[in-house]
Amino acid sequence: MSATATAGQDDLVEYGFRRVIITITAVLCALLEIVDTTIVNVALTDMRGSLGATLTDVAWVITAYAIANVIVIPMTSWLSQQFGRRNYFAVSIVVFTVASFLCGNAGNIWELVVFRFIQGLGGGALLVTAQTIITESYPAAKRGMAQAIYGMGVIVGPTLGPPLGGYLVDNFSWPYIFYINIPLGIIAVFLTLTFVKSPKYGEKLKANQVDWWGIVFLASFIGSLQFVLEHGQQDDWFNDSTIVILSVVTVLGLLAFIWREMMYDHPIVNLKVLKDGNLRVGTLMCFILGFGLYGSTLVIPIYTQQILGWTATDAGMLLIPGSITTAFMMPIIGNLIQKGVPQVYMVAVGFLIFFFFTFWMHNAMTPDTGVEHLFWPLILRGIGLGLLFVPITTMALSTLKGKQIGEGAAFTGMMRQLGGSFGIAIITTFITRFSQEHRVNLDAHLDVNRLEVQDRVHQLQQGFMSKGFSANEALSKAHQVLDFSLMKQATVLSYMDIFMYLGVMFLCCIPVILLIKKGKNKVDPNEALH
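Residues numbered from 1 in each chain as written. Predicted model: local features only at pLDDT ≥ 70, side-chain atom pairs only at ≥ 80, totals over all residues. Heavy atoms only, no water.

Attention now goes to the overall build of the protein. Of regular secondary structure, the protein possesses 19 helices and zero strands. At 25 Å, the protein has a C-alpha radius of gyration in line with the 24 Å of a compact globule built from 530 residues. Taken along its principal axes, the extent of the C-alpha atoms in the protein is 90 × 50 × 45 Å. A total of 530 residues make up the protein; the buried ones form 56% of that total. Accessible surface, the protein: about 22600 Å² in total, of which carbon and sulfur atoms supply 68%. One way to put it: in the protein the 32 positive side-chain charges average out to a point 13 Å from where the 33 negative ones average out. (Helix = DSSP H or I, 4+ residues; strand = E, 2+ residues; numbered from the N terminus. Rg over C-alpha atoms; globule rule 2.2 N^0.38 Å. Buried < 20%, exposed > 50% of the residue type's maximum accessible area, 1.4 Å probe, protein only. Areas by Shrake-Rupley, 256 points an atom, 1.4 Å probe, with all protein chains shown as cover. Lys, Arg positive; Asp, Glu negative; His and termini not counted. Charge placed at Lys NZ, Arg CZ, Asp CG, Glu CD.)

Time to look at the nonpolar core. Residues Met47, Leu112, Ile177, Phe351 and Met365 are the most contacted members of the largest nonpolar core, which totals 143 residues. For this core, the element with the most residues is helix H2 (residues 16-51), which contributes 15 residues. Each residue touching Ile177, except ones within four places of it in the same chain, is listed here: Asp36, Ile39, Val40, Ala43, Met47, Gly165, Leu168 and Val169. With five residues, the next largest nonpolar core counts Val457, Leu460, Ala478 and Leu482 among its residues. (Core = buried A, V, L, I, M, F, W, Y, C linked by side-chain atoms within 4.5 Å. Contact = heavy atoms within 4.5 Å.)

The subject of this paragraph is the environment of Leu79. With respect to the helices and strands, Leu79 occurs in helix H4 (residues 76-83). Residues Leu79 and Ile268 lie 189 residues apart in sequence; the distance between their C-alpha atoms is 8.7 Å. If we ignore the near neighbours within four places in the chain, the residues touching Leu79 are Gly84 and Tyr88.

Let us look at the packing of H2 against helix H6 (residues 109-137). Across the interface, H2 lies against H6 with an axial gap of 8 Å and an inter-helix angle of 155°. One finds that H2 runs roughly antiparallel with respect to H6. Every pair of crossing elements has a handedness; the one defined by H2 and H6 is left-handed. (Axes fitted to C-alpha atoms, helices over the stretch in contact; angles between N-to-C directions. Parallel < 35°, antiparallel > 145°, perpendicular 65-115°, else oblique. Left-handed = near helix turned anticlockwise from the far one by under 90°.)

Residues Phe238, Val244, Val248, Val251, Leu252 and Leu255 make up a contiguous nonpolar surface patch of about 560 Å² in total accessible area. In this structure, Leu255 sits in helix H11 (residues 241-263). Given the relative accessible area of 53%, Leu255 is considered exposed. (Patch = residues over 30% accessible without salt bridge, like charges linked within 9 Å, V, L, I, M, F, W, Y side chains within 5 Å. Salt bridge = Lys/Arg side-chain N within 4 Å of Asp/Glu carboxyl O.)

Let's shift gears to the packing of H4 against helix H5 (residues 85-104). Helix packing for two helices is described by the angle between their axes and how far apart those axes are. At a minimum axis distance of 6 Å, the contact between H4 and H5 shows a crossing angle of 115°. Classified by the angle between their axes, H4 and H5 sit roughly perpendicular to one another. In this structure, H4 contributes Thr76, Leu79, Ser80 and Phe83 to the contact, and H5 contributes Arg85, Asn87 and Tyr88.

Another aspect to go through is the layout of surface pockets. Over the atoms rolls a probe the size of a water molecule, and in doing so it shows where empty space is left. If you add up the space inside the largest pocket, you get close to 1700 Å³. For the lining of the largest pocket, the secondary structure elements donating two or more residues are H2, helix H3 (55-72), helix H7 (143-171), helix H10 (212-231), helix H12 (277-307), helix H13 (312-318), helix H17 (403-445) and helix H19 (471-513). Residue composition of the lining of the largest pocket, by class: 25 nonpolar, 20 polar and four charged. (1 Å grid on protein atoms, 1.4 Å probe; cavity = no way out; pocket = protein on both sides within 12 Å on 5 of 7 lines; lining within 4 Å. Points joined across faces, edges and corners; volume = space filled by probe spheres on them. Nonpolar A, V, L, I, M, F, W, Y, C, P; charged D, E, K, R; others polar.)

Under the definition given, this model contains three salt bridges. A salt bridge links Asp443 to Arg439; the shortest N-O distance between them is 3.9 Å. Remark: Arg439 and Asp443 occur in helix H17; sequence separation between them is four residues, near one turn of the helix. When its relative accessible area of 37% is taken as the criterion, Asp443 is described as partly exposed. Ionic pairing is found between Arg439 and Asp483, a salt bridge with its closest N-O pair at 2.5 Å.

Attention now moves to the packing of aromatic side chains. Inspection of every chain in the model, using the stated rule, returns 18 aromatic pairs. Centre to centre, the rings of Trp174 and Phe178 are 6.3 Å apart; their planes meet at 90°, and the pair counts as edge-to-face. Trp174 sits in the buried class, given a relative accessible area of 7%. What makes Phe178 buried here is its relative accessible area of 0%. With a centroid separation of 6.2 Å and an interplanar angle of 25°, the aromatic rings of Phe355 and Phe359 are classed as stacked. Of the two residues, Phe355 and Phe359 both sit in helix H15 (residues 343-364), four residues apart, roughly one turn of that helix. We classify Phe359 as partly exposed; its relative accessible area is 47%. Just above the ring of Tyr65 sits the side chain of Arg116; from NZ or CZ to the centre is 4.1 Å. Above the ring of Tyr264, the side-chain terminus of Arg260 is found at 4.1 Å from the ring centroid. (Phe/Tyr/Trp six-rings, centres within 6.5 Å; stacked < 30°, edge-to-face > 60°. Lys NZ or Arg CZ within 6 Å of the ring centre and 35° of its normal.)

What follows is the structure, given as structure tokens:
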């Protein structure tokens, strides 16, 4: 790197009070974006009621946000260069905040979906740009710690969403999950314009040099992919013509996008950084991390609410001790990286711990598990996440230099989101399929001629008759109860299968990780211009 470039980099390093304020601003923005990904999950039922929407329609509130996020994330590096980082960051927060206000005032479900899409376009930028701003405000020696501080926000965010959403919905009404962003957004814009600096970038592109086709191909391929993943299960995958058409669009869009980015002089996403071996493996690991992080965050609240009958707030609160453990781990991990402990070993141990977590959950799940049986496995998950998040990100970027690091960071961010989408889509599909299989197998054991079955039916029938039902009504109610408990057992067994397969996937990652060649150990994860 030339002396001027290095000088330009050092200009961005802040000390004392300014650095604290910049760190708070960036973490606040990353939190705003991430909490908003999950806060909505708890409020979907209330939204359906007040907006008169079906379950399929209301799922679009989540889908629209996710699609917009994934389209914007790969473009952030380029957009920052076009408009100057501070301006781009501030405008993103304004877009996000205004869209939050509009979401709260939406009159019908499709208005809400459009405003969520706009909110996602603002939000996607906050994540990656916040990461760069934090990293560049710290001197090279402290960059592992900078990643750790950013990581605390990213990991704690998804688990803060459900309890916060539950509290707001239970005590106020669903629009407040959007209104809560407004005061925070206003503060963040003020702090950004006052404290954040823009690095000096190279030439801006003229309108006719901009890679418009690249943007079109990227949006069509990622947008279609995200739609297929979110709606595949409920529309019965490839038996549905829309899913088939969009799957074709995904493949063609991807091929056209790769061809365009390789050929064009000013690509919107620089694919050439993927020549770096560590980034390739790191990108894959980010995908798997997203798969496990979002996948297990999806299964646990559903299990506790549907099977154990907990409230939304309780289900959300269950995940908090694990997040606090991760947040507590982050600075320790940052410190270890600075001292030169090889990240490869940390990641390998992280995957091993995640395997133990899935194995433990597989054994702990029953139709009436208590909170005390779920507490420790989730603490273990928190420790595993801490060992995975920062080391994977820093390891992926460890052999990149200069401007490439920003481009690499956009890939890791995008793959983590996509991993989450794949995880949720595949897990929901398998829960449905496995439940049906287990249901059939359990049915086979329910032989009406067996004495235990007759006793149970008779017992239930007597119970209903004592409440004043006739013999026939009581018998049909007894069969319903039996059917319900059968379905419950089948669902629990399918959740157990999901955890077992997740565990096997994490175990398979360990040999892949050990293949990584060593980058310089004391990594500066965003020397990057972003």
